[in-house]
Amino acid sequence: MIVADLKDSERLDHALIIHRIEAVLHFAAFAYVGESVADPGKYYQNNLAATLNLMERMRRAGLWPQ
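These figures come from a predicted structure and were not determined experimentally.

Q: Outline helix α3 (residues 40–60), supporting the account with residue identities and numerical values.
A: Across its 21 residues, α3 extends 29 Å between first and last C-alpha, which sits within 8% of the 30 Å expected from 1.5 Å per residue. The largest bend in α3 is about 25 degrees, located at A49. The complete set of buried residues in α3 reads Y43, N46, A50, T51, N53, L54, R57 and M58. One or two positions beyond α3, positive phi appears at G62, with a value near 85 degrees.

Q: Describe the side chain of N53, and please don't skip the residues or the numbers.
A: The topology assignment puts N53 in helix α3. For N53, a relative accessible area of 15% translates into the label buried. Side-chain polar atoms of N53 contact the backbone oxygen of L6, separated by 2.7 Å. With residues up to four places along the chain from it excluded, the contact list for N53 reads L6, K7, D8, S9 and L12.

The rules behind the values
Residues numbered from 1 in each chain as written. Predicted model: local features only at pLDDT ≥ 70, side-chain atom pairs only at ≥ 80, totals over all residues. Heavy atoms only, no water. Helix = DSSP H or I, 4+ residues; strand = E, 2+ residues; numbered from the N terminus. Expected span 1.5 Å × (residues − 1). Bend = angle between axes of the 7 residues up to and from the residue. Buried < 20%, exposed > 50% of the residue type's maximum accessible area, 1.4 Å probe, protein only. Polar contact = N/O pair within 3.5 Å; in protein donor to acceptor, adjacent residues only side chain to side chain. Contact = heavy atoms within 4.5 Å.

Here is the structure:
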């Protein structure tokens with residue numbers, strides 16, 4: 001098991017390359033509607049920015065189309 005923050009680019013690079021990851025399942029999104037309205041920045045950072053970082057790290061590791 002690898003525990004890391006999706007915003008931690010170095011840790012993601014290490015995990016994807018060193019462990020020779022072949023596939024990624026991402027279930028780390030926040031999903032509470034009321035909270036998302038009250039704190040949209042939190043949801044933007046986690047659900048969009050962190051996911052985009054993961055996708056970029058996957059692309060760099062050869063797991064995502066170039």
